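# A closer look at the structure
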Amino acid sequence: MACDNVSEKAKVVPVNNNYSLVPLPQHYTSGQGMFVWDAQTVIVADPTFEKEAVYLQRLIAGSSRFEPAILSAKEAPMASAVYLVKGTVDHVWGKNKEAYSLSVDSTGIRIQGMQGAGIFRGIQSLRQLLPASFHQQKKEGAWGIPAVAIKDAPKFSWRGLLFDCCRHFFDKQTVKHYIDLLAYYKMNTLHWHLTEDQGWRIAIDRYPKLTEIGAWRKGEDGKPYGGFYTKEDIREIVAYANERHINIVPEIELPGHSQAAIAAYPYLSCTGEQLEVGTKWGVFKDVYCAGNDSTFQFLENVLLEVMELFPSEYIHIGGDECPKYRWEHCSKCQKRIKAEGLHDEHELQRYFIKRINQFLQKHNKRLIGWDEILEGDLTDSSVVVQSWRGMGGALKAANQGQCAISSPISHAYFDYQLNAIDLEKVYAFSPIPEGYTGDLKYILGGECNMWTEWVPNDSVLAQRIFPRLLAMSEVLWSAYEQKNYSEFYERVQQQYPSLEAMGIQYGAETVPVRLEHYTSQESINVKMLAGAPNIDLYYTMDGTKPTTTSERYEAPLPLKKSSTLKVQAFKQDKSYGQELEQVYTKHLANGIEPTLSYVYSDYYTGGGNLALTNGVRGSLNFRDGHWQAVQKVPMEITVNLKETQTISKVSTAFFQKQDSWIFLPTKIEFFVSEDGEKYQSIGVIENTISPKKDDSFIEKFMLEIAPIKAQFVRMKAHNITHCPDWHAAAGSDAWLFVDESVVE
Ligand SMILES: [Zn+2]
């Protein structure tokens, strides 16, 4: 941004000449020169905007050697002033309470809007015009603010982040930090996920065990893990959010995802059995009993205390993923079904949600639930549906006159890795369901969902949320017709110094490097593709950590021996994203297409038949594209080596992750043949590892023999066929996952 008329004074004033604005304002022009905010500058505010004036005063004072005075509009303005003015911005935005205008020139700053929310959003645009050192709270005597003229308003009124503080607990300071970051990007909703199977995080006076017992689970190290927010913490957080015009919507999950509450008060479940607070991830069968009136009494008492803490018009009650198993086997639940004339347990769930909805309505609150609540034919127009299993929930809700919030798993799940949802994918998101032609007033907006099963600490949290939040903020605020990713990408780059100054170690924008392979009998050829512009790839082949002094990738590598490749991307000499490790095995069958006895799964092809001989080994992520899989049947793999070879070792590797129904084979038989017709057994390996063994692991089955001459090699892996009786999915078809047939 050019600042031609820079005054003499400006040379010592920090000014951000490379600023960018995210989300992009609706109307924006950059001007000439800048305004210098120094000790003489005062804030002149309409009395309506006292709260915003105090916020601005503190913001500036936090990074300056002075504190600006606040004057009322009636008092005569000084020579240097920042005006917070009450007035319409543009008639097209009518009653949009977040509309604002901001003009900066060498004589002053003027922020105009009809409501405090608009003035506050204008202050955030001003904040983004300041240099990164401002956000470090470096105390200066003056700040330069580049000249601009902005007229702006959001396209969608609901711009949120779901923050799961249950799967992992995040303290008060972290919650406040993210509220401030949301404000910086003009988001206006924190959807605070406060209760779960794995932890209850909100103090409720009437039920102290919810936090004494329910807030703590057995951690991986055997010690208690958890934490909760006291009522004082929550009041402090709510006040902090209120200052920033951010609404906090508390989520109290029911009837499912309730094991922590049941662990504290066993009478809430169908069985009344004492349970532990959940320690694993997933969906649990123990839920609130729908036949027991004391369950409803409990929930109403909890909600009364929740409503007292949160001024939000909306209360989120979850309503997702509630298994019906316990209700099917509970006499109280079955009695309720009869007494209420319900058909089945799904209607019992509808009854549950309806009853809670009536209670909330009595207290002038609106219920939000995940899209499962639509299954119960809940057509009350005050209910808001949050669509997560795709956009179908939003479409159905809007078509029947209910408001919808869009946060589909395809674009808005920030717990997903970059290979599923990268910055560009989020930027491609629209909260309006495809094919929807009704009134847009029913599409409130969207949220990004930060579930924290795999987010154990602040550092991973920052990498998951940033920079993807910037894309979400822009698609919900700006939502302009002509999206231009490369232009947005450039603005994101300009945001990084400020984010760093605010203590955010953001993650990568995309998968930093992708590998492509072509394997011949002579070599395994590796091509590396950088995921973003201006990225350099450095690699090692000896297992050491790659740095900028390692080999730099220039052209495809032909590997002629087994190796472990490690690649790290660098952007301006700073490491970018995670290191990638890939193991290669060079052997006699490389590049020869094997014959398979089975049809592999469309989801796990490994890339086709050659997956088993390409030398590219599968990783501990069974979705990495290198694993090939079948359900139920055995795998017989035959390799024709083209000519007679001397063989002394054959091996193969399988994967186990029993909770995903993936088991090692029960045994593997190895055969050789001279002519491809008569096969001779050379050995059998029985699997001795229990199918119950937890976690993800790879097991190599290797047979060493006295050297033998053969042209054909065959391996047969026997499938366990079904999940065993002890398994949660007993009887379901078991998976067999293989990655390579190695012949040496
Ligand atoms: Zn029950």
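Keep in mind it's a predicted model, so treat the numbers as computed, not measured.

## Quick word on the overall build of the protein
Per the secondary structure count, the protein includes 16 helices and 33 strands. What you see for the protein is a C-alpha radius of gyration of 30 Å, in line with the 27 Å of a compact globule of 744 residues. Overall, the protein is about 105 × 75 × 50 Å in size when its C-alpha atoms are taken along their principal axes. A burial count over the protein gives 58% of its 744 residues as buried. A separation of at least 24 residues holds for 73% of the contacts in the protein among residues at least 6 apart in sequence. A total of about 31300 Å² of accessible surface is found on the protein, and carbon and sulfur atoms cover 48% of it. Within the protein, one finds 76 positive and 91 negative side-chain charges whose respective centroids are separated by 2 Å.

## So, the coordination of the zinc ion
Here the zinc ion is held by the protein donor atoms Cys270 (SG), Cys289 (SG), Cys330 (SG) and Cys333 (SG), which lie 2.3 to 2.4 Å from it. Viewed at the metal, the four donor atoms of the zinc ion are separated by angles of 106 to 114°, and the geometry they form is tetrahedral. In the primary structure, the donors to the zinc ion are separated according to the pattern C-x18-C-x40-C-x2-C. Separated by 44 residues along the polypeptide, Cys289 in the loop between helix H7 (259-264) and helix H8 (293-309) and Cys333 in helix H10 (residues 331-339) bring together distant segments of the chain. The pair Cys289 / Cys333 is uniform in exposure class, with both members buried.

## Quick notes on the pairing of strand S18 (residues 403-406)
Residues of S18 alternate between two faces, with Cys403 and Ile405 on one and Ala404 and Ser406 on the opposite face, all of them buried. Sheet topology note: the strand S17 (residues 384-387)/S18 ladder contains four bridges and is parallel. By the bridge assignment for S18, Val384 is matched with Cys403. In this region the chain leaves S17, passes through helix H12 (residues 392-399) and returns to the parallel neighbour S18; the handedness of that crossover is right-handed. Bridge count between S18 and strand S19 (residues 443-450): three bridges; the pairing is parallel. Within S19, the position partnered with Ser406 by the bridge is Gly446.

## As for the sheet that holds strand S15 (residues 314-318)
The eight strands lie next to each other as S8-S9-S14-S15-S16-S17-S18-S19, forming a closed barrel whose pairing is parallel. The average angle at which neighbouring strand axes cross in this sheet is 30°, direction not considered.

## A closer look at the packing of helix H6 (residues 231-243) against H8
Contact pair H6 / H8: the axes reach a minimum separation of 10 Å and the direction vectors enclose 40°. By the criterion of interaxial angle, the relationship of H6 to H8 is oblique. Between H6, through Lys231, Ile234, Arg235 and Val238, and H8, the contact on the second element is made entirely by Glu305, Glu308 and Leu309. Across the contact of H6 with H8, the residue classes tally to three nonpolar, no polar and four charged.

## Describing the pairing of strand S20 (residues 513-519)
Relative to strand S21 (residues 524-530), S20 runs antiparallel, the two being bridged by seven bridges. In the sheet register, Arg514 faces S21, and the bridge partner there is Leu529.

## Some words on the packing of aromatic side chains
By the definition in use, this model includes 39 aromatic pairs. Residues Tyr604 and Phe622 carry aromatic rings whose centres are separated by 5.9 Å and whose planes lie at 55° to one another, so their mutual orientation is tilted. One end of the pair, Tyr604, is in the loop between strand S27 (595-596) and strand S28 (628-631); the other, Phe622, is in the loop between S27 and S28, and 18 residues separate them in sequence. Note on accessibility: Tyr604 and Phe622 belong to one class, buried. Members of the aromatic cluster, each reached through a chain of ring pairs, are Phe163, Phe170, Tyr178, Tyr184, Tyr185 and Phe466. Taking the ring centre of Tyr240 as reference, the NZ or CZ of Arg244 above it sits at 3.6 Å. Across from the ring centre of Tyr427, 5.5 Å away, lies the NZ or CZ of Lys483, which sits over that ring.

## A short note on the packing of helix H1 (residues 50-61) against helix H2 (residues 116-129)
The N-to-C vectors of H1 and H2 enclose an angle of 15°; their axes lie 10 Å apart at closest approach. Comparing their axes, H2 and H1 come out roughly parallel. Note that H1 runs across H2; the crossing there is right-handed. Contacts between H1 and H2 pair Glu52, Tyr55, Leu56 and Leu59 from the former with Gly116, Ile119, Phe120, Ile123, Gln124, Leu126 and Arg127 from the latter. Across the contact of H1 with H2, the residue classes tally to seven nonpolar, two polar and two charged.

## Digging into the confidence of the model for the protein
Of all residues in the protein, 98% attain a pLDDT of 70 or more, and the chain-wide mean is 94. A low-confidence stretch, residues 1-10 (pLDDT under 50), is modelled with 14 contacts involving residues beyond four sequence positions or located in other chains.

## Things to note about the state of the cysteines
The full count for this structure, using the stated rule, is zero disulfides. For the unlinked cysteine Cys165, the closest cysteine sulfur is that of Cys166, found at 7.0 Å.

## Section: the pattern of salt bridges
Side chains that differ in sign of charge can pair as their charged atoms come close. As enumerated under the stated definition, the model contains 35 salt bridges in all. Asp293 is the partner of Arg336 in a salt bridge, and the nearest nitrogen-oxygen pair spans 3.0 Å. In this pair, Arg336 is assigned in helix H10 and Asp293 in helix H8, connecting sequence segments 43 residues apart. The exposure class assigned to Arg336 is buried, which follows from its relative accessible area of 10%. According to the relative accessible area criterion, Asp293 is partly exposed, its value standing at 43%. Each of Arg58, Arg127, Asp180, Glu243 and Arg244 takes part in one network of salt bridges that share partners.

About the thresholds
Residues numbered from 1 in each chain as written. Predicted model: local features only at pLDDT ≥ 70, side-chain atom pairs only at ≥ 80, totals over all residues. Heavy atoms only, no water. Helix = DSSP H or I, 4+ residues; strand = E, 2+ residues; numbered from the N terminus. Rg over C-alpha atoms; globule rule 2.2 N^0.38 Å. Buried < 20%, exposed > 50% of the residue type's maximum accessible area, 1.4 Å probe, protein only. Contact = heavy atoms within 4.5 Å. Areas by Shrake-Rupley, 256 points an atom, 1.4 Å probe, with all protein chains shown as cover. Lys, Arg positive; Asp, Glu negative; His and termini not counted. Charge placed at Lys NZ, Arg CZ, Asp CG, Glu CD. Donors = N, O, S within 2.8 Å, 3.2 Å for Na, K, Ca; no water. Tetrahedral: all angles 85-135°; square planar, octahedral: opposite > 155°, others 65-115°. Pairing = 2+ DSSP bridges. Right-handed = clockwise from strand over helix to strand, strands pointing away. Axes fitted to C-alpha atoms, helices over the stretch in contact; angles between N-to-C directions. Parallel < 35°, antiparallel > 145°, perpendicular 65-115°, else oblique. Nonpolar A, V, L, I, M, F, W, Y, C, P; charged D, E, K, R; others polar. Phe/Tyr/Trp six-rings, centres within 6.5 Å; stacked < 30°, edge-to-face > 60°. Lys NZ or Arg CZ within 6 Å of the ring centre and 35° of its normal. Left-handed = near helix turned anticlockwise from the far one by under 90°. pLDDT = per-residue confidence, 0-100. Disulfide = S-S within 2.5 Å. Salt bridge = Lys/Arg side-chain N within 4 Å of Asp/Glu carboxyl O.

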